[in-house]
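Next come the chains, spelled out residue by residue.
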Amino acid sequence: MILAVASGKGGTGKTTVSVNLARIFGSPVQLLDCDVEEPNSHLFIKGKPDNREIASIKVPEVDESRCDACGECGRLCQYHAIALLGPAPLVFPELCHGCGGCEKVCPRGAIREIDRRIGIVETMEADGITLIQGRLDVGVAMAPPLVRAVKSRLQSGVPAILDAPPGTSCPVIATIRGSDFVALVTEPTPFGLHDLELAVDMVRELGIPFGVVINRVGAGDDRVHAFCGGNKIPVLLEIPDDRRIAEAYSRGELVVDALPEYRSLFSTLLWKIRGSRGKERRAGHVRRDN
Amino acid sequence: MKIVFTTSGETLEAPLDGRFGRASKFILYDLEKDYYEVIDNRKSLNSAQGAGIQAAEAMVRAGAGGVVTGHCGPNAFRALSAAGIAIYSCGEPTVAAALEAFRSGALKPMESSDVEGHWI
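What this report covers is the structure whose coordinates are included nearby. (Residues numbered from 1 in each chain as written. Chains lettered and ligands numbered in written order. Predicted model: local features only at pLDDT ≥ 70, side-chain atom pairs only at ≥ 80, totals over all residues.)

1. Notes on the sheet that holds strand β2 (residues 29-33) of chain A
All names here are of chain A. Spatially, β3-β6-β7-β2-β8-β1-β9-β10-β11 is the arrangement adopted by the nine strands of the open sheet, whose pairing is mixed. With one partner strand each, in any of the chains shown, β3 (51-62) and β11 (235-240) form the two edges of the open sheet. Within this sheet the neighbouring strands show an average axis-to-axis angle of 20°, counted without direction. One ladder, built from four bridges, connects strand β1 (residues 2-6) with strand β8 (residues 160-163); its direction is parallel. Residue V5 lies in a different strand from β8, and its bridge partner there is D163. Packing against the sheet, helix α4 (residues 143-151) makes contact with β2, β3, β6 (111-126) and β7 (129-136), and its axis sits at approximately 160° to β7. (Pairing = 2+ DSSP bridges. Helix = DSSP H or I, 4+ residues; strand = E, 2+ residues; numbered from the N terminus. Axes fitted to C-alpha atoms, helices over the stretch in contact; angles between N-to-C directions. Contact = placed C-beta atoms within 7 Å.)

Structure (structure tokens):
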């Protein structure tokens, strides 16, 4: 099973949910920190990186002796990463998304692809948890290829929890695509509700089963509960607005370790997610795989 | 020679826009015929990235020999230079004043970009 933990709004508790679920999982589990612009799961799952690999994307290099300045490459590129302005195309590597299209359309074979480093992928082991995380290099604005590089390390057959970046844009899509279930973490505030609605639209578009986790219940209002009830969205877990949770988090401690009374909450979440997947299988639910 | 002025308006009295790739319009001025036309830059203005490069491609299509603007980022500078289009940095408030400055020879071609990309 691949479980993605996502949210519209940032700071709602994706990492809290991800790392605590991993801890109480009860069997070997993979935890993937796909928030490659600011990975922080490693602050809670402490282990030394035992493997560190450089992640790259392919960017074009033009052999000017073969180029006849037809301009096909520049016309194809929607990102203006290659443009014909003089006798031969100019390449702007930092704008390139690495699709390889320019190489394919070049009628003279004048374009070859070279590696451009975008970040690193680190793997570490700690108490039955395999943490795989991406770190995007400073100055690079190209998260999805690194998210895919992190996910390419997934070992099949071992359950995985994917800690997604916030929002509903490309890095999030790259993370949750192909997962079996998405837990959307939100908070009971107008901001939390607004961004939850966007996130619900996103997972529905992708056709992935999902449920909601409401964090800091007791703060804010009841509009998130009303929205979920009105739209028949299962609320899988409610985490109370408890200052001790924030204090444990700020010390880099897991809630289930620092406050054992919360263990059953996270166990219930795991049980509900497994249960809702069982129901789909029985109902012959067909999931669209992208 | 045709010279482009970055602007937000459609006349010579309009303000000179300090940005190149994300200026809303260009005034393409024909120095021999004393005649100008307005080029819409909305497509580059609204693009997520590469606005300066896209605008430079429009300069090539328009047959511009030079661009008078406020500042120029590294990608736009590389693109315009590759196309053999000179870039002039100008602090005048209007297109008319910038045209006057250009004609008097007060503007010198830039030798490098003077701001980072996405500077404003």
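2. As for the interface of chain A and chain B
With eight residues of chain A at the contact, the number on the chain B side is 13 residues. When its residues are assigned to classes, the side of chain A that touches chain B shows six nonpolar, two polar and no charged. (Nonpolar A, V, L, I, M, F, W, Y, C, P; charged D, E, K, R; others polar.)

3. What about the nonpolar core?
If you look at the biggest cluster of nonpolar residues, it comprises 114 residues, and the most contacted ones within it are A183 and L184 of chain A together with F5 of chain B. Three or more residues apiece are contributed to this core by two domains, here domain 1 (2-54 + 120-282) and domain 2 (57-117) of chain A. Apart from residues lying up to four places away in sequence, L184 of chain A is in contact with A6, S7, L196, A199, V200, V203, F210, V212 and V213 of chain A. (Core = buried A, V, L, I, M, F, W, Y, C linked by C-beta atoms within 7 Å. Buried ≥ 20, exposed ≤ 12 C-beta atoms within 10 Å, placed from the backbone. Domains from an automatic or database assignment.)

4. Side note on the pairing of strand β1 (residues 2-7) of chain B
All names here are of chain B. Summarising burial for β1: five of the six residues are buried, a large majority. Two strands pair when backbone bridges link them, and β1 and strand β2 (residues 25-30) are joined in this way by six bridges, in the antiparallel orientation. Its bridge partner being in β2, F5 is matched across the sheet by I27.

5. Quick look at the sheet that holds strand β5 (residues 86-89) of chain B
All names here are of chain B. The strand order β3-β2-β1-β4-β5 describes an open sheet built from five strands, whose pairing is mixed. Sheet topology places β3 (35-40) and β5 at the edges, where each strand pairs with a single neighbour. Each strand of the sheet is rotated relative to its neighbour by a mean of 25°, with strand direction disregarded. Where β1 lies against strand β4 (residues 66-69), three bridges are found, and the strand directions are parallel. Residue V4 lies in a different strand from β4, and its bridge partner there is V67. Packed onto the sheet, helix α4 (residues 95-103) meets β1, β2, β4 and β5 and runs at close to 145° relative to β1.

6. Quick word on helix α3 (residues 74-82) of chain B
Buried within α3 of chain B we find N75, A76, F77, A79, L80 and S81 of chain B. Along its buried surface, α3 of chain B packs onto β4 (82-84) and β5 (89-91) of chain A together with α2 (51-62), β4 and β5 of chain B. Phi for G84 of chain B, located one or two positions after α3 of chain B, is positive at around 75°.

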